[in-house]
Amino acid sequence: MDPEQLCFIDLRDKPALEKLFSSTKFDAVIHFAGLKAVGESVQKPLLYYNNNIIGTVNLLEVMSAHGCKMLVFSSSATVYGWPEEVPCTEDFPLSAANPYGRTKLFIEEICRDVQKSDDEWKVILLRYFNPVGAHPSGHIGEDPRGVPNNLMPYVQQVAVGRRPHLTVYGNDYKTKDGTGVRDYIHVVDLADGHIAALKKLFDSKTACEVYNLGTGKGTTVLEMVAAFEKASGKQIPLVIAGRRPGDAETVYASTEKAERELNWKAKYGIDEMCPGSMELG
Ligand code: UFG
């Protein structure tokens, strides 16, 4: 779309959505819009249900009314909860530990129901693992307002002196160095995963499918900090604290299904993610 035509609409503003869909014919929608702070969702569950769920229902209704029935939705690995084993495959049991996670879970179910009710719909649910990094141009990246919830933006803010130290939440997990293990994925790989998903929607008879977007590799908090220190040449002071409530020990993706069916595989590792995430630190 021509950047001149970019427009910003709150998905809860259904008349505005209607107007947009009446003025432009869309073939497909990639739906990323949602609040994503776990802690905030515990404090303000209704805000999360209102924004994430009602926004999505409005979007699906308006899409349907305008005959636009192809959707890629940003779900999350949070739906695996504390997985009993790793790597997580798409058929693992699902659960939610907080209202944010529940919105992802509910929206997945809503999408499945909508698709079942009308087979003109084609839906791909993408379960993101831990996105980090920035576009190499430095124009697009992460610079959250307030205190960052997530590891990498927090590390970046320590590196530039905005915060005195990183608090490491728990070093008594059963992992190689005792800290939590996650599957960090470069945002550029994540973006490519969406293109692959769109291609799949256009090229196949997909009904409603779900794919993990991760690298398949687990990295501890301390390994991530070391990679960032190497990339930035700065030391990150650490304070070891207790576990963060609701945190799982080890979460990483099985990437087989996405590789097989989307023909997509992450190209970058943490050594490419850390320099990228410095650009905006
Ligand atoms: N961590 C710290 N200190 C911090 C922040 C995080 O030690 O200041 C640790 C966490 O305990 C965890 C790891 O770093 O072991 C990653 O934590 P993040 O908050 O960056 O990511 P999470 O895995 O907890 O959650 C993220 C997203 C969720 C998403 C989930 C999917 O924030 O939206 O991944 O697994 F649902």
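Use the structure listed above.
Keep in mind that what you see is a predicted model, and the values were worked out from it rather than measured.

Draft legend 1. A look at the pairing of strand β3 (residues 122-128). Here β3 lies mainly inside the structure; 7 of its 7 residues are buried. Of the strand pairs in this sheet, strand β2 (residues 70-76) and β3 are connected by 7 bridges, and their pairing is parallel. Considered in β3, the bridge of Val-72 is made with Ile-124. Each parallel crossover has a hand, and for β2 linked through helix α4 (residues 99-117) to β3 it is right-handed. With 6 bridges connecting them, β3 and strand β8 (residues 208-213) associate as parallel partners. Looking across to β8, one finds that Val-123 is bridged to Cys-208.

Draft legend 2. Region of the structure containing the side chain of Asn-98. Mapped onto the elements, Asn-98 comes out in the loop between β2 and α4. Within the local environment of Asn-98, its side chain forms a polar contact with the backbone nitrogen of Gly-101, the two atoms lying 2.8 Å apart. With sequence-adjacent residues up to four places away left out, Asn-98 is seen in contact with Val-38, Ser-41 and Val-42.

Draft legend 3. Spotlight on the site of the ligand. The local shell around the ligand holds 18 residues, among which Ser-76, Asn-150, Thr-167, Arg-182 and Asp-247 are the closest. Between a nitrogen atom of the ligand and a main-chain N or O atom of Thr-167, the distance comes to 2.7 Å. For the ligand, an oxygen atom lies 2.6 Å from a polar atom in the side chain of Asp-247. Isolated, the ligand exposes 680 Å² of accessible area, and the fraction of that covered by the protein chains is 91%. In terms of residue count, the dominant contributor to the shell around the ligand is strand β5 (residues 166-169) (4 residues). Looking at the shell around the ligand residue by residue, the classes come out as 8 nonpolar, 7 polar and 3 charged.

Draft legend 4. Quick look at the packing of aromatic side chains. Across all of its chains, the model carries 5 aromatic pairs by this definition. Taking the centre distance of 6.1 Å and the plane angle of 85° together, the rings of Tyr-80 and Phe-92 count as edge-to-face. Of this pair, Tyr-80 sits in the loop between β2 and α4 while Phe-92 sits in the loop between β2 and α4, and the two are 12 residues apart along the sequence. In this arrangement the basic side chain of Lys-257 is found over the ring face of Tyr-211, its NZ or CZ atom lying 4.7 Å from the centre.

Reading the values: the criteria
Residues numbered from 1 in each chain as written. Predicted model: local features only at pLDDT ≥ 70, side-chain atom pairs only at ≥ 80, totals over all residues. Heavy atoms only, no water. Buried < 20%, exposed > 50% of the residue type's maximum accessible area, 1.4 Å probe, protein only. Helix = DSSP H or I, 4+ residues; strand = E, 2+ residues; numbered from the N terminus. Pairing = 2+ DSSP bridges. Right-handed = clockwise from strand over helix to strand, strands pointing away. Polar contact = N/O pair within 3.5 Å; in protein donor to acceptor, adjacent residues only side chain to side chain. Contact = heavy atoms within 4.5 Å. Near = heavy atom within 4 Å. Areas by Shrake-Rupley, 256 points an atom, 1.4 Å probe, with all protein chains shown as cover. Nonpolar A, V, L, I, M, F, W, Y, C, P; charged D, E, K, R; others polar. Phe/Tyr/Trp six-rings, centres within 6.5 Å; stacked < 30°, edge-to-face > 60°. Lys NZ or Arg CZ within 6 Å of the ring centre and 35° of its normal.

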